[in-house]
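The primary structure of each chain is shown beneath.
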Amino acid sequence: MKRLLAAVIASVWMTFSFQAAAQTPPNVLVVGQIAEPKSLDPHAVTAVNDFRILVNIYDGLVRYKDGTLEVEPSLAESWEISEDGKTYTFKLRDGVTFHDGTPFNAEAVKFNFDRMLDENHPFHDTGPFPLSFFFSAVDEVTAVDESTVEFKLTEPYAPFLSNLAYPTGLIVSPEAVKQHGKDFGRNPVGTGAYKFEGWEANAKVVVSRNEAYWDGAAPLEAVIFRPITDANTRIAEMLSGGLDVMVEVPPDSLQQFRGDDRFVVQEQAGPHVWFLILNTKDGPFANKAVRQAANYAINKTALVENILQGTAEVASGPTPPAFAWAYNESLEPYAYDPEKAKALLKEAGYNGEEVTFYVTEGGSGMLDPVAMGTAIQADLQAVGMKVKIETYEWNTFLGKVNPGLEGKADMAEMAWMTNDPDTLPFLALRSEAFPDKGGFNSGYYANEKVDELLNKARQVTDQAERAKLYKQMQEIVYEDAPWVFVANWKQNAVTSSRVENFKLQPSFFLMLQKVAKP
Amino acid sequence: MAGYILKRLIAAIPVLFGLTIIVFLIMAMIPGDTATAILGSYATPENVEKLNRDLGLDKSLPQQYFIWLGNLLQGDMGRSYSLNRPVLDEVVERFSATMILAGTSLVLCSIFGLLAGVVSAVRQFGWTDKIITFLVLIGISTPSFWLGLLLILAFAVKLQLFPASGMFAIYGGGDLPDLIHHLVLPALTLSVVATGVIARLTRTSMLEVLRQDYIRTARAKGLAERKVIAKHAFKAALVNVIPVIGIQAGFVMGGAVYIETVFQWPGIGSMLVTAISTRDLLLVQGGVLFVAAAYVLFNLAADVVQTMLDPRLR
């Protein structure tokens, strides 16, 4: 009996140890994702996690140039912008076909935007399309001829091109939408470097090389995206050789991978800013000196180095440096200077009144919000401000912050990741963007000059001219301090050392077109 | 017996309906709505309103509930907002995965629990009893998600004997040995607490039975000790343990929520966690309905088995 048991155990042991020792096969890349994709219809989704798959299946008319947030041709070879900035004419690439064999042409482009924007379009019901407002300035799309398409805008809107480079602007196969209807999101067809092979719910999404890719076939035969929601499990999979690429590595674990030559750690700062919204309408932060004092009182370097363990950089203003062309290099982050903060508080006549601080438990781009909130509370208390923290779950938190802080709180954590330097300030720093007007200016910051600069920057199509306006805006906002500018997140990923040509992009999209794994 | 089962099943229907109303109300009461969850930072009032209209969430609560109920009675559980696919497809797929995991754990914890309980009762106050009781105490008090992580660290990362996560291999695999290979760690983790509970109860119940007069009679008439334990004592003790196994079935399904998240098991527990955080009402409703129905059925099965074993209950 005992001998039999031993034999059984030994044979089970051997079968399993052979299986588990197998590594991921060559030319197949296994990517550890943070969640199951919601849909693979690029017009129907909002999460970066989904974008990582989509940008490899689809192309847009334009895309971000490697390593930048500047736009370059993709499915459109070239374009012209009319004098008044209201007409964009794109010349399309010839001979491109979708993975289902149907041709990519001007009619296909028109179908894509009409489906999203026209409520009477026969396939509008395949939505909803939550980010369609990216193109709300589009009045009409016309297929001029087979390879020319014209967009008429209702008003000049400079971020239009970079919005086209966003996943919401990726081009889907009209025939596939007609065929699959509402289920297109599970049967995606694009023109990209990889074509869709299969999706097993909560296990994997598989894409394979598109041999006929117009920009040169990819070196990899296939990519497998695996959703693993628990960060610890994701790390365990990476360590045990079940993954080739892992994104969003928790700061605590990066060190472990750094010291191991089986892995390569990748980092890239992105268009992300982590800040505190200050209530400029009522309470102590209505006074500019108190807002500046908060900026001086908080030790951002300590937050970034100790809590975030180097996975972010100290922010110097409302615009992240990843927008290289629009970023004002001359701004230095507010120094950590508790003495100056105390002096400013005294000058402002701050009477020790308690301030309420909204902290979230988690949420998109929020990094380590509870630990950061606690450290910020301690820093403010050190200069004599009494801070009361109220913590909420992310959706509840948004429900409290987005309608405005008036009468409820004095400060709140917030983070944004955008694709154009226009988006965040336009939605969160203009006086026309107060919550009751449908914006995100939850702290009621108002400065006429900032309003004017931001409105003007939307209408100018010349990039150098726009850059000047944004730089001026950053200086004013820096001085007025409607926010405490805290951190710009660096996206990270760990790859196995077998992976070649892997590069993170400032857009935070996972471009795998050139990646190899022999 | 058939009449009894039918009566119990009919009695379960109002319970399940009541449950759907409660879930519906709770989901309506927790702050944050579906559209905000989908739009994230882009949730302007204008965008939220438009998206709610597109999703059919602009109707009044009772209206929404009755539309859902009407569709349910026709076998349609609606379409998940967050997954963009029919709720029924998703729930059935996820539920089967959970049943495989929970079912295996239940078998494991019943076998180990009963075995440990009987052995430790028979050897009361001996070394075996002390060791088993100690292990059981540790088992009951170990947080299962933590144990899961430790097992992953030991058996997947260090020894590389078992995969760290998932239900099937990512390439190849997909057959029964592959499934068993993936099942070992999560099923063990999930069964630990329930094993402890069952072992303790079996021990108590056995001790009680062993003190009965008829056991003394059995021994007095010269029956082998092994027979006394197996035939007379164990069978009587089992009657008390069966309903607890039924209840443990419910706990195992509840525990699956953590374990599925830790091991990335594509079951209904991890589905519900995601569905709640994305405020995907229809998916939550569908999932809870399945889990509740399963719970009712487990308890019913336990009661039926108990009645069959115990002539006194008939």
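Bear in mind that the values here come from a model prediction, so they are computed numbers and not experimental data.

Calculation rules
- Residues numbered from 1 in each chain as written.
- Chains lettered and ligands numbered in written order.
- Predicted model: local features only at pLDDT ≥ 70, side-chain atom pairs only at ≥ 80, totals over all residues.
- Helix = DSSP H or I, 4+ residues; strand = E, 2+ residues; numbered from the N terminus.
- Buried ≥ 20, exposed ≤ 12 C-beta atoms within 10 Å, placed from the backbone.
- Contact = placed C-beta atoms within 7 Å.
- Nonpolar A, V, L, I, M, F, W, Y, C, P; charged D, E, K, R; others polar.
- Axes fitted to C-alpha atoms, helices over the stretch in contact; angles between N-to-C directions.
- Parallel < 35°, antiparallel > 145°, perpendicular 65-115°, else oblique.
- Left-handed = near helix turned anticlockwise from the far one by under 90°.
- UniProt positions renumbered as here; feature names shortened; annotations may be inferred.

Scanning chain B for helices and strands turns up twelve helices and zero strands. In chain B, the succession of α and β elements from N to C terminus is α-α-α-α-α-α-α-α-α-α-α-α. The principal-axis extent of the C-alpha atoms belonging to chain B is close to 85 × 55 × 35 Å. Looking at the 314 residues of chain B, the share that counts as buried comes to 43%. Taking as baseline every contact in chain B between residues at least 6 positions apart, the subset at least 24 positions apart corresponds to 71%.

Below, the discussion takes up the interface of chain A and chain B. Taken together, the contact pairs 45 residues of chain A with 48 residues of chain B. For the side of chain A that touches chain B, the secondary-structure elements that each account for two or more residues are helix H1 (2-21), strand E1 (28-33), strand E10 (222-227), helix H6 (231-239) and helix H12 (394-401) of chain A. For the side of chain A that touches chain B, the element with the highest residue contribution is H1(A), accounting for six residues. Tallied by class, residues from the side of chain A that touches chain B come to 19 nonpolar, 20 polar and six charged.

For the rest of this paragraph, the subject is the packing of helix H6 (residues 127-141) of chain B against helix H8 (residues 176-210) of chain B. Residues and elements named next belong to chain B. One way to put it is that H6 packs onto H8 with a least axis distance of 8 Å and a crossing angle of 135°. In this view, H6 runs oblique relative to H8, as classed from their interaxial angle. By crossing handedness, the relation of H6 to H8 is classed as left-handed. For the pair formed by H6 and H8, the contact residues are Ile-132, Val-136, Gly-139 and Ile-140 on the first element and Val-192, Val-193, Thr-195, Gly-196, Val-197, Ala-199 and Arg-200 on the second. Among the residues forming the contact of H6 with H8, the class breakdown is seven nonpolar, three polar and one charged.

UniProt records the feature "domain: Solute-binding protein family" (unreviewed entry) for residues 70-429 of chain A in the present numbering. End-to-end, the C-alpha atoms of residues 70-429 of chain A are 24 Å apart, and along that stretch the chain is 27% helix and 24% strand.

Turning next to the UniProt feature "domain: ABC transmembrane type-1" (unreviewed entry) in chain B. In the numbering used here, UniProt assigns the "domain: ABC transmembrane type-1" (unreviewed entry) feature to residues 95-301 of chain B. End C-alpha atoms of residues 95-301 of chain B are separated by 19 Å, and the span's content is 82% helix alongside 0% strand.

Let us look at the packing of helix H7 (residues 144-158) of chain B against helix H10 (residues 225-262) of chain B. All names here are of chain B. Across the interface, H7 lies against H10 with an axial gap of 9 Å and an inter-helix angle of 30°. Classed by the angle they form, the pair H7 and H10 counts as roughly parallel. Note on packing geometry: the crossing formed by H7 with H10 is right-handed. Along the contact surface, H7 presents Ser-144, Phe-145, Gly-148 and Leu-149, while H10 presents Gly-255, Tyr-258, Ile-259 and Val-262. Residue composition of the contact of H7 with H10, grouped by class: five nonpolar, three polar and no charged.

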